[in-house]
Amino acid sequence: MNNIDKKYQELLQDILDNGIEKKDRTGTGTISVFGRQIRHKMSEGFPLLTTKKMAWKTMVTELLWFLQGSTNIKFLVDNGCHIWDGDAYKNYCKHFMDEYLEKNELGEFYRNSLRPYPIEEFINKIKTDDEFAKTWGELGPIYGKQWRGWTKKKMYLSTDGSYENIYDEVNQTVIDQISILINDLKTNPDSRRLMVNAWNVGELDSMVLPPCHYGFQVYTRELSEQERMDLYNKSNWNKDIFPSDVSGWNRLLDTYNIPTRAISLMWNQRSVDTFLGLPFNIASYGLLLLMLADEVNMVPDELIGNLGDTHIYLNHIEQAKEQIGRELTDEERYNIWFNNNYETGMERYFDPNNLPDFDNEYYVPTPKRTREPFELPTVHVRDGIFCSSISDVILENYQAHPTIKAPLSN
């Protein structure tokens, strides 16, 4: 069952119907609503949208980058992920001149003659020049830094008796929020403090972009005996060895390391690029939930996104309408059926509660809309939260409509 695509299409329509036009820092302009929520039950499948083809490897690469604690785009660029290129390049162009003049002690005469590299050369330099990448690939203390290395400043008593918040590189305390979260899940799974925060107010001005999705919280619950039984039955059912008494069931379930808890994740987002960004956020936090569940032997339960300024850029409106889709005419549906049109893949869509009206015993089920959701894929992870390679994340049975291209606003 695929409800997440339908909820996402409904959200796009909500913004088109109710959004107000607003200016934004990129100069593109948006239509915007405020305070929306999107929910998905992980038991229905992995939440990778099917109403347009998603850049799966790009999303996985970015999440692994966050979890490494990295803030330099070199890892991303080396692995073919370019979603942060624009922010790094914008920062490079902003500071290039002052940096160059300072290092080379050149006067103002040269300011008008010097130009930063074009973005293609900039990316190539990031790939091939480690020193250049170290300087200009850095994005500041964004997500990975806060997740894995939040810096706690020390309070010192000043000469006048007041306290000063001083950054002490020698005696600083670095907080690994992900490791703390995993430890708490294992030792105190009912805690109400199972949270990770990226909104470090003291370091916002050092980031190329303040976090859009600025924090997440997880929640666990005990599984019922029946839920544990159902998990066992999916892969290990054997009537000859399964005990008849309940106490025997529990002993056997424990022997097979069947999880005793389910885990849910809720993320908070201040700013939501609904067409390009939100599908990535949904899949990324869905994958993070899977990784956490695998790490602590729990079952992924529910994924929830709380969305603040939820907008569509003005140059994404037609793309959003395309993804929402429209009703097909009878002639279009007939052509899909008659021509067995594998190019769209839509003829493989089948909904027993929404059958086509063709009165023919040889018909192939056809959709009623241009962007009907397909069944959701499945995802498996190896090595839990600490998997280090895209190959440790396995995507299976992903079928989607064609990609819809749209410009990224930086």
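These numbers come from a predicted model, not from an experiment. (Residues numbered from 1 in each chain as written. Predicted model: local features only at pLDDT ≥ 70, side-chain atom pairs only at ≥ 80, totals over all residues. Heavy atoms only, no water.)

Undergrad: A description of the side chain of Asn-200 should follow, citing residues and the corresponding values.
TA: Residue placement: Asn-200 occurs in the loop between strand 7 (195-197) and strand 8 (213-222). Given the relative accessible area of 8%, Asn-200 is considered buried. Residues contacting Asn-200, with those up to four places away along its chain left out, are Gln-146, Trp-150, Thr-151 and Met-207. (Helix = DSSP H or I, 4+ residues; strand = E, 2+ residues; numbered from the N terminus. Buried < 20%, exposed > 50% of the residue type's maximum accessible area, 1.4 Å probe, protein only. Contact = heavy atoms within 4.5 Å.)

Undergrad: Can you tell me about the packing of helix 1 (residues 4-18) against helix 12 (residues 317-324), naming the residues and giving the values?
TA: A pair of packed helices is characterised by two quantities: the angle between their axes and the separation of those axes. Relative orientation of the contacting elements helix 1 and helix 12 amounts to 140°, with a least axis distance of 9 Å. For the element pair helix 1 / helix 12, the angle class is oblique. Handedness of the crossing formed by helix 1 with helix 12: left-handed. Mapping the contact onto sequence places Tyr-8, Gln-9, Leu-12, Gln-13 and Leu-16 in helix 1 and Ile-317, Ala-320, Lys-321, Gln-323 and Ile-324 in helix 12. Considering only residue class, the contact of helix 1 with helix 12 consists of six nonpolar, three polar and one charged. (Axes fitted to C-alpha atoms, helices over the stretch in contact; angles between N-to-C directions. Parallel < 35°, antiparallel > 145°, perpendicular 65-115°, else oblique. Left-handed = near helix turned anticlockwise from the far one by under 90°. Nonpolar A, V, L, I, M, F, W, Y, C, P; charged D, E, K, R; others polar.)

Undergrad: Any details on a positive patch on the surface? Residues and values, ideally.
TA: A surface patch of positive charge is lined by Arg-25, Lys-90, Lys-94 and Arg-270. Looking at the secondary structure, you find Arg-25 in the loop between strand 1 (20-22) and strand 2 (30-41). (Patch = residues over 30% accessible without salt bridge, like charges linked within 9 Å, V, L, I, M, F, W, Y side chains within 5 Å. Areas by Shrake-Rupley, 256 points an atom, 1.4 Å probe, with all protein chains shown as cover. Salt bridge = Lys/Arg side-chain N within 4 Å of Asp/Glu carboxyl O. Lys, Arg positive; Asp, Glu negative; His and termini not counted. Charge placed at Lys NZ, Arg CZ, Asp CG, Glu CD.)

Undergrad: An account of the pattern of salt bridges is needed here, citing residue identities and associated values.
TA: Using the criterion set out here, one finds 16 salt bridges in the structure. A salt bridge links Glu-222 to Arg-261; its shortest N-O distance comes to 3.9 Å. In this pair, Glu-222 is assigned in strand 8 and Arg-261 in strand 9 (residues 261-273), connecting sequence segments 39 residues apart. Judged by relative accessible area, Glu-222 falls into the exposed class, the value being 59%. Overlapping salt bridges bring together Lys-74, Asp-78 and Asp-130 as one network.

Undergrad: Quick one: what's the story with the pairing of strand 8, residue by residue and with numbers?
TA: Looking at chain direction, strand 7 and strand 8 are connected through three bridges and run antiparallel. Paired with Asn-197 across the strands is Gly-215, a residue of strand 8. Bridge count for strand 8 against strand 9 is nine bridges, and the pairing is antiparallel. Bridging from a neighbouring strand, Gln-217 pairs with Met-266 of strand 9. (Pairing = 2+ DSSP bridges.)

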